[in-house]
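An overview of the molecular structure
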Amino acid sequence: MRTDHPESRVVHEQPTAVLRATLHRDEVRRWFRTAFDVVAEYLRRHGIAPCGFPFARYHIRSDGSFEVEAGFPVAVRIDGDRQIVPSSLPGGHVVVAWHVGTYEQLGDAYRALDDWLQAERGAPAGDAWEVYHDPPHRAQRRRTEVIQPFRLN
């Protein structure tokens with residue numbers, strides 16, 4: 001799937017293990033450098049294997065900062081600790097766009113999702129999330145799946 005050809009699908013709710021933070025735009029990338037490692041270490045210590053790729057979900061606050069959670073999908077709900085908390089990705093109808101390229105160009109995928117929603121007379125039904133299919137060192141050709149829950153109007 002390419003950025004300019006989003007597709008819809010139905011997904012099941014997915015338990016996750018995440019690290020949460022409230023960040024300003026310029027802090028997000030630096031925070032990700034350690035967030036996934038911290039969650040992975042928690043899972044390793046507790047003998048829990050991730051059941052999918054790392055992801056991040058953002059909620060934009062009225063002051064322009066972001067409430068961010070980053071982590072991994074897991075098969076069962078975790079207990080968590082002082083840092084790592086249980087969460088979930090929602091089930092239901094989603095539209096998905098793939099982006100291949102740098103993080104700075106990721107806005108193209110979000111625009112493609114917005115265009116698809118407008119054409120289908122849909123509306124977002126919650127915050128989107130990004131699934132990272134490649135390691136960070138592969139910056140130029142990184143594959144990122146952008147997933148937006150939606151409802152039809």
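Residues numbered from 1 in each chain as written. Predicted model: local features only at pLDDT ≥ 70, side-chain atom pairs only at ≥ 80, totals over all residues. Heavy atoms only, no water.

**Let's talk about the packing of aromatic side chains**
Each aromatic ring pair is summarised here by two numbers: the centre-to-centre distance and the angle between the ring planes. Scanning the entire structure with this criterion turns up 8 aromatic pairs. On the basis of an interplanar angle of 70° and a centroid distance of 5.0 Å, the ring pair of W116 and F150 is categorised as edge-to-face. Here the residue W116 occupies a position in helix α2 (residues 107–119), and F150 occupies one in strand β9 (residues 143–152), the gap between them amounting to 34 residues. The buried category is assigned to W116, whose relative accessible area is 16%. (Phe/Tyr/Trp six-rings, centres within 6.5 Å; stacked < 30°, edge-to-face > 60°. Helix = DSSP H or I, 4+ residues; strand = E, 2+ residues; numbered from the N terminus. Buried < 20%, exposed > 50% of the residue type's maximum accessible area, 1.4 Å probe, protein only.)

**Side note on the environment of Y132**
Structurally, Y132 is set in strand β8 (residues 129–132). We classify Y132 as buried; its relative accessible area is 10%. In sequence terms Y132 and R142 are 10 residues apart; their C-alpha atoms lie 7.7 Å from each other. Apart from the residues within four sequence positions on either side, Y132 is in contact with F32, F36, F53, P54, F55, A56, Y58, R143 and T144. (Contact = heavy atoms within 4.5 Å.)

**With respect to helix α1 (residues 25–45)**
Residues separated by three or four positions in an α-helix point in the same direction, a consequence of the helix having 3.6 residues per turn. Its 21 residues give α1 an end-to-end C-alpha distance of 31 Å, which sits within 8% of 30 Å, the value for a rise of 1.5 Å per residue. W31 marks the point of greatest bend in α1, at about 40°. The complete set of buried residues in α1 reads V28, W31, F32, A35, F36, V39, Y42 and L43. Close packing links the buried residues of α1 with β2 (14–23), β3 (55–60), β4 (66–73), β5 (84–89) and β8. G47 lies just past α1 and shows a positive phi near 65°. (Expected span 1.5 Å × (residues − 1). Bend = angle between axes of the 7 residues up to and from the residue.)

**A few points about the nonpolar core**
Counting 22 residues, the largest nonpolar core has W31, F32 and Y58 as the members making the most contacts within it. Those elements that place two or more of their residues in this core are β2, α1, β3 and β4. With 8 residues, the single largest contributor to this core is α1. Discounting chain neighbours no more than four positions away, the residues touching F32 are A56, Y58, V68, A70 and Y132. Counting residues in hydrophobic clusters, the runner-up holds 9 residues, among them A109, W116, L117 and V146. (Core = buried A, V, L, I, M, F, W, Y, C linked by side-chain atoms within 4.5 Å.)

**A few points about the side chain of D134**
With respect to the helices and strands, the residue D134 is situated in the loop between β8 and β9. Of the polar contacts made by the side chain of D134, one reaches the backbone nitrogen of R143; its length is 2.8 Å. D134 has contacts with R141, R142 and R143, leaving out every residue within four places of it along the chain. (Polar contact = N/O pair within 3.5 Å; in protein donor to acceptor, adjacent residues only side chain to side chain.)

**Observations regarding the pattern of salt bridges**
Scanning the model with the defined rule gives 9 salt bridges in all. The partner of R143 in a salt bridge is D134, with the nearest N and O atoms 2.8 Å apart. Connected through shared salt-bridge partners, R61, D63 and E67 make up one network. (Salt bridge = Lys/Arg side-chain N within 4 Å of Asp/Glu carboxyl O.)

**So, the confidence of the model for the protein**
When the pLDDT values of the protein are averaged, the result is 92; 94% of them are 70 or greater. When the elements of the protein are averaged for pLDDT, α1 gives the smallest value, 91, and β5 the largest, 98. (pLDDT = per-residue confidence, 0-100.)

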